[in-house]
Amino acid sequence: MRVLILGGTTEASALARQIAGDARLAPVLSLAGRTTNPQPQPIPTRTGGFGGIEGLVRFLGDDKVDAVVDATHPYADQMSAHAVAACRETGVPLASLVRPEWQRHADDRWHVVADAEAAARALGAEPRRVFLSLGRQEVHVFASAPQHHYLARLIERPEQTKLPPDLRLLQARGPFDRADEERLLRAERIDVVVSKNAGGTATYAKIEAARALGLPVVMIARPHKPAGVAMADVDACVAWLHGLAPRGV
Ligand code: NAP
């Protein structure tokens, strides 16, 4: 059974590891191509956009895809909308794996905003030292609040040229450790953290560190992400795929 996994996340890689070598499944993992040196994967991969809904419909037909698992990031809402539309059009079954959100603790000082633009406004007029940990696609938005000092942690440099004037880039890939995060926030004298509600464990340490230091977090809320059949975890995806796959192969 031909399976297309829409990836770019820890969960997609875990699913790839779990079904590699499964004789009933012939998977292909799709990456958007945002990272130049993605982690090696144990199943065949393809890279780059499909060309909108139309392109994905074509891909599903040309590649004779029997099932799609959307395991993209909680903030990758466009890819998910395209997957829902293309699977509806072609009748290909779609499962969606989205990791649960982080929940606010009593000691958390979260200020929840709708998007990166609102996060930049929420930082206020007074200059502050800001830790940006939200991926490279939105760092440029903070050029609209140039009074702040920004430390942005990213896997790769932002593509945009118009960036905040007082910006330092810290190149690193998670998972991150709580004690290291606390040390970083202290050493950089950070006043406020800007984050997405990514969920999962790999990047949660910064939220715990902010809580321990009593720092506010400007939390960008999740977008509406269209979904197919909701899956709780990787095991549920594998069971769902096996339920669709012909037996006895
Ligand atoms: P997006 O806004 O939902 O997607 C934008 C376009 O990128 C899509 O329309 C599609 O192009 C292409 N695309 C996205 N994911 C793809 C995939 N897995 N395979 C092939 N094409 C893909 O998504 P995004 O926010 O740019 O995220 C891109 C990738 O980075 C995803 O794999 C996502 O899981 C990962 N990621 C995103 C975030 C985040 O905060 N947004 C964080 C960590 C990882 P076409 O229309 O041409 O098909």
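See above for the structure.
Owing to the predicted nature of the structure, the values given are computational and were not obtained by experimental measurement.

So, unusual backbone geometry
Piece 1. Residues Gly-174 and Pro-175 are joined by a peptide bond in cis, for which omega reads 5°.
Piece 2. Examined against the element boundaries, Pro-175 turns out to sit in the loop between β9 (167-171) and α5 (178-187).
Piece 3. Unusually for a residue other than glycine, Lys-64 sits at a positive phi of about 50°.
Piece 4. Secondary-structure assignment places Lys-64 in the loop between α2 (52-62) and β4 (67-70).
Piece 5. A relative accessible area of 62% means that Lys-64 is categorised as exposed.
Piece 6. The phi torsion at Arg-189 lies on the positive side, around 50°, for a residue other than glycine.
Piece 7. Given the relative accessible area of 55%, Arg-189 is considered exposed.

Observations regarding the pattern of salt bridges
Piece 1. Counted under the stated rule, the structure contains twelve salt bridges.
Piece 2. Of the charged contacts in the structure, one is a salt bridge between Glu-181 and Arg-153, with a shortest N-O distance of 2.7 Å. Residue Glu-181 is found in helix α5, and its partner Arg-153 is found in strand β8 (residues 149-154); the two are separated by 28 residues along the sequence.
Piece 3. Because the salt bridges share partners, they merge into one network encompassing Arg-129, Arg-168 and Glu-188.

Description of the sheet that holds strand β11 (residues 216-220)
Two modes of strand pairing occur in sheets, parallel and antiparallel, and in both the strands are linked by backbone hydrogen bonds.
Piece 1. Read from one edge of the open sheet, six strands run β6-β11-β10-β7-β8-β9, paired in parallel fashion. Every other strand in the sheet has two partners, leaving β6 (109-113) and β9 as the edge strands with one partner each. Neighbouring strand axes in the sheet, compared pairwise and without regard to direction, differ in orientation by 20° on average.
Piece 2. With five bridges joining them, β6 and β11 adopt parallel strand pairing. Bridge pairing in β11 places Val-112 opposite Met-219.
Piece 3. Running at roughly 155° to β8, α5 makes contact with β7 (129-133), β8, β9 and β10 (192-196) of the sheet.

Considering the side chain of His-148
Piece 1. On the secondary structure map, His-148 appears in the loop between β7 and β8.
Piece 2. For His-148, the side chain forms a polar contact with the main-chain oxygen of Gly-124, separated by 3.1 Å.
Piece 3. Not counting residues up to four positions away in its chain, the partners in contact with His-148 are Leu-123, Gly-124, Glu-126, Pro-127, Arg-128, Val-130 and Asp-166.

A word on the nonpolar core
Piece 1. Counting residues in each nonpolar core, the largest one holds 23 residues, and the members touching the most others are Ile-5, Leu-15 and Leu-241.
Piece 2. For this core, the elements supplying multiple residues, two or more each, are β1 (2-6), α1 (10-19), β2 (26-31), β4, β5 (94-97) and α7 (234-244).
Piece 3. Counting residues per element, this core draws most heavily on α7, at five residues.
Piece 4. Those residues within four positions of Ile-5 in sequence are excluded, and the remaining contacts are Ala-12, Leu-15, Ile-19, Pro-27, Val-28, Leu-29, Ser-30, Ile-43 and Val-69.
Piece 5. Core analysis: the next-biggest nonpolar cluster, separate from the first, contains 22 residues, Val-113, Val-139, Ala-145 and Ile-220 among them.

A look at the packing of α1 against α7
Piece 1. For the pair α1 and α7, interaxial distance at closest approach is 10 Å and the crossing angle is 50°. The angle between α1 and α7 falls in the class oblique. For α1 against α7, the interelement crossing comes out right-handed. Only Val-234, Asp-235, Cys-237 and Val-238 of α7 make contact with α1, whose side of the interface consists of Glu-11, Ala-14, Leu-15, Gln-18 and Ile-19.
Piece 2. For the contact of α1 with α7, the residue count by class is six nonpolar, one polar and two charged.

Cut-off values and rules
- Residues numbered from 1 in each chain as written.
- Predicted model: local features only at pLDDT ≥ 70, side-chain atom pairs only at ≥ 80, totals over all residues.
- Heavy atoms only, no water.
- Helix = DSSP H or I, 4+ residues; strand = E, 2+ residues; numbered from the N terminus.
- Buried < 20%, exposed > 50% of the residue type's maximum accessible area, 1.4 Å probe, protein only.
- Salt bridge = Lys/Arg side-chain N within 4 Å of Asp/Glu carboxyl O.
- Pairing = 2+ DSSP bridges.
- Axes fitted to C-alpha atoms, helices over the stretch in contact; angles between N-to-C directions.
- Contact = heavy atoms within 4.5 Å.
- Polar contact = N/O pair within 3.5 Å; in protein donor to acceptor, adjacent residues only side chain to side chain.
- Core = buried A, V, L, I, M, F, W, Y, C linked by side-chain atoms within 4.5 Å.
- Parallel < 35°, antiparallel > 145°, perpendicular 65-115°, else oblique.
- Left-handed = near helix turned anticlockwise from the far one by under 90°.
- Nonpolar A, V, L, I, M, F, W, Y, C, P; charged D, E, K, R; others polar.

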